[in-house]
Amino acid sequence: MTSPAEVSAATPLLTELYPRIQQFYAGQVRHLDAFRAEEFAATFTEDGVFDHRPGADPLLGRQAIAAAVSGYQRTKHAADPVQRRHWFNMLQVFPQDDGTVRTEYYALVLHTRPGTPEPQTGPSCFVTDVLEVGEDGGLLTKFRRVRQDHLV
């Protein structure tokens with residue numbers, strides 16, 4: 001458990017870092033929701049890991065991530081005019097000694113179809129990321145693990 005003194009010492013860093021991470025995630029999920037596979041994959045490090053498919057091996061590297069997102073669009077949503085929205089919330093940020101940042105948050109996926117104003121809720125998930133802060137101050141996802149709540 002984090003002590004009050006540790007929280008107090010980290011407050012200046014978190015005050016600056018927290019909104020940057022939220023901005024990063026807002027852009028990242030917009031690429032995913034719009035099926036911009038290459039742009040989404042570019043938000044990961046070259047050797048990034050995306051572990052999001054229950055029972056399957058994690059995706060390793062931008063190329064594999066882009067191919068999987070693109071393939072999902074072609075097979076799952078090619079004829080389905082769904083609008084997907086990923087909602088990330090309850091974000092916690094944990095700066096690490098090696099300069100990376102571990103985050104934990106809840107994620108919901110909502111699906112809305114033309115003519116149906118009520119969205120359908122997809123999986124509820126718990127997500128753990130490791131983010132790298134580049135020399136330019138930009139963020140990239142080095143590792144992401146998504147665990148669907150109904151499978152825990």
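Residues numbered from 1 in each chain as written. Predicted model: local features only at pLDDT ≥ 70, side-chain atom pairs only at ≥ 80, totals over all residues. Heavy atoms only, no water.

The chain has the name Actinorhodin biosynthesis protein ActVIA in an unreviewed UniProt entry, where Streptomyces albogriseolus is given as its organism.

Next up on the list: the nonpolar core. Counting residues in each nonpolar core, the largest one holds 24 residues, and the members touching the most others are I21, Y25, F40, F50 and I65. Counting residues per element, the ones that place at least two in this core are α1 (4-33), α2 (37-41), β1 (44-51), α3 (62-76), β3 (83-95), β4 (101-112), β5 (120-133) and β6 (139-148). Broken down by element, this core gets its largest block of residues, five residues, from α1. (Core = buried A, V, L, I, M, F, W, Y, C linked by side-chain atoms within 4.5 Å. Buried < 20%, exposed > 50% of the residue type's maximum accessible area, 1.4 Å probe, protein only. Helix = DSSP H or I, 4+ residues; strand = E, 2+ residues; numbered from the N terminus.)

To continue, consider the sheet that holds β3. Ordered in space as β2-β1-β6-β5-β4-β3, the six strands form an open sheet in which the pairing is mixed. A single partner strand is all that each edge strand has here, and the edge strands are β2 (59-60) and β3. When β4 meets β5, the two strands line up antiparallel, connected through 10 bridges. Bridging from a neighbouring strand, Y106 pairs with F126 of β5. Of the strands in this sheet, β1, β2, β3 and β6 are in contact with α3, which crosses β1 at around 50°. (Pairing = 2+ DSSP bridges. Contact = heavy atoms within 4.5 Å. Axes fitted to C-alpha atoms, helices over the stretch in contact; angles between N-to-C directions.)

All right, on to unusual backbone geometry then. Keep in mind that most residues, glycine aside, have a negative phi and that most peptide bonds are trans. A positive phi angle, close to 55°, is found at F35, a residue other than glycine. With respect to the helices and strands, F35 occurs in the loop between α1 and α2. Assessed through its relative accessible area of 15%, F35 is described here as buried. For M90, which is not glycine, the phi dihedral falls at a positive 60°. Position of M90 relative to the elements: it lies in strand β3. According to the relative accessible area criterion, M90 is exposed, its value standing at 53%.

Below, the discussion takes up the environment of L59. Structurally, L59 is set in strand β2. Among the residues examined, L59 registers a relative accessible area of 8% and is labelled buried. Residues within four places of L59 in sequence aside, it is in contact with G48, V49, F50, H52, R53, A64, I65 and A68.

A few words on the pattern of salt bridges. Tallying each qualifying case throughout the model produces eight salt bridges. As a salt-bridge pair, E16 and R20 come within 2.9 Å of each other at their nearest N and O atoms. Taken together, the residues span about one helical turn, with E16 and R20 both in helix α1 at a distance of four residues. Classification of E16 as partly exposed rests on a relative accessible area of 40%. R20 sits in the partly exposed class, given a relative accessible area of 26%. (Salt bridge = Lys/Arg side-chain N within 4 Å of Asp/Glu carboxyl O.)

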